Amino acid sequence: MRINVHAGHNADGRTACGAIGFIRESTEARRVKDAVAWMLRQQGHTVYDCTVDDAAGVSANLREIVAKCNARDVDLDISVHFNSGVGDLAGNGRTTGTEVYVYSPSSEATAHAEKVCQAIAGLGFRNRGVKYSKGLYVLKNTKAPAMLIECCFVDDRDDVQLYDCQQMADAIVDGICGRHMVAEESDEDKSR
Ligand SMILES: [Zn+2]
């Protein structure tokens, strides 16, 4: 596959950076994005990084991301974000969890989004499910099927304690490409 990947928002320390809680959205989204891109390339996919670090503001950031996305012909656009707003600073023993947005149920990204939700939920995060939004700029304006992943909540102590960058990236790649393709091949080798 040919895949665009980007981390949401400007980089931390700039205007229009992402949410800040126990962890910083812009920083973690970039770590996850880098690990996802690396693993997808290892599997032989072509990956373009459409992240924008220093746009003039929120709308400029979104416009520049979409311009980078649409400069390539790809099968899928992946936008990596972290959620915020729950304010579970003490930790109530339950994660708030993960959700993935697509433009509509008929988007070709919807099946991938379902699998990404399930894979991240497999790490122990509550599965908030696939959600549909015609208002999110990236989903509305990218020409390829697109999904926006809200990995987990930066301001929920339970989410942040469970969160591990590499595991999150593994789950996203599993969701997109199918689980443990390499492991299945080696099992076959053993049985021969
Ligand atoms: Zn975000």
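Everything here concerns the structure above.
This one's a predicted model, so the numbers in the text were calculated from it and none came from an experiment.

> Help me out: how do you make sense of the coordination of the zinc ion in this one?
A four-donor tetrahedral metal ideally has 109.5 degree angles, and a six-donor octahedral metal ideally has angles of 90 or 180 degrees. The protein atoms donating to the zinc ion are His9 (NE2), Glu25 (OE) and His81 (ND1), with metal-donor distances spanning 2.0 to 2.1 Å. Binding-site remark: the zinc ion is held by donors from one chain whose sequence spacing is H-x15-E-x55-H. Here the residue His9 occupies a position in the loop between strand 1 (2-7) and helix 1 (25-42), and His81 occupies one in strand 3 (residues 76-83), the gap between them amounting to 72 residues. What makes His81 buried here is its relative accessible area of 11%.

> Got a minute to help me understand the pattern of salt bridges in this structure?
For side chains of opposite charge, pairing can occur when their charged atoms come near one another. Inspection of the entire model under this criterion finds eight salt bridges. Ionic pairing is found between Asp12 and Arg24, a salt bridge with its closest N-O pair at 3.9 Å. Here Arg24 lies in the loop between strand 1 and helix 1 and Asp12 lies in the loop between strand 1 and helix 1, a separation of twelve residues in the sequence. The partly exposed category is assigned to Asp12, whose relative accessible area is 21%.

> What is the right way to look at the sheet that holds strand 1 in this model?
Sheets are built from strands that pair by backbone hydrogen bonding, the pairs being arranged parallel or antiparallel. Judged by pairing direction, the sheet is mixed, and its six strands sit side by side in the order 2-1-3-6-4-5 without closing on themselves. The sheet terminates laterally at strand 2 (46-49) and strand 5 (127-132), the two strands that pair on one side only. Recorded for the sheet is a direction-independent mean angle of 20 degrees between the axes of neighbouring strands. When strand 3 meets strand 6 (residues 146-153), the two strands line up parallel, connected through six bridges. Across the sheet, the residue bridging to Ser79 is Leu148, located in strand 6. Against the sheet, helix 3 (residues 110-121) contacts strand 3, strand 4 (98-102), strand 5 and strand 6, and its axis sits at roughly 175 degrees relative to strand 4.

Rules behind the numbers
- Residues numbered from 1 in each chain as written.
- Predicted model: local features only at pLDDT ≥ 70, side-chain atom pairs only at ≥ 80, totals over all residues.
- Heavy atoms only, no water.
- Donors = N, O, S within 2.8 Å, 3.2 Å for Na, K, Ca; no water.
- Helix = DSSP H or I, 4+ residues; strand = E, 2+ residues; numbered from the N terminus.
- Buried < 20%, exposed > 50% of the residue type's maximum accessible area, 1.4 Å probe, protein only.
- Salt bridge = Lys/Arg side-chain N within 4 Å of Asp/Glu carboxyl O.
- Pairing = 2+ DSSP bridges.
- Axes fitted to C-alpha atoms, helices over the stretch in contact; angles between N-to-C directions.
- Contact = heavy atoms within 4.5 Å.

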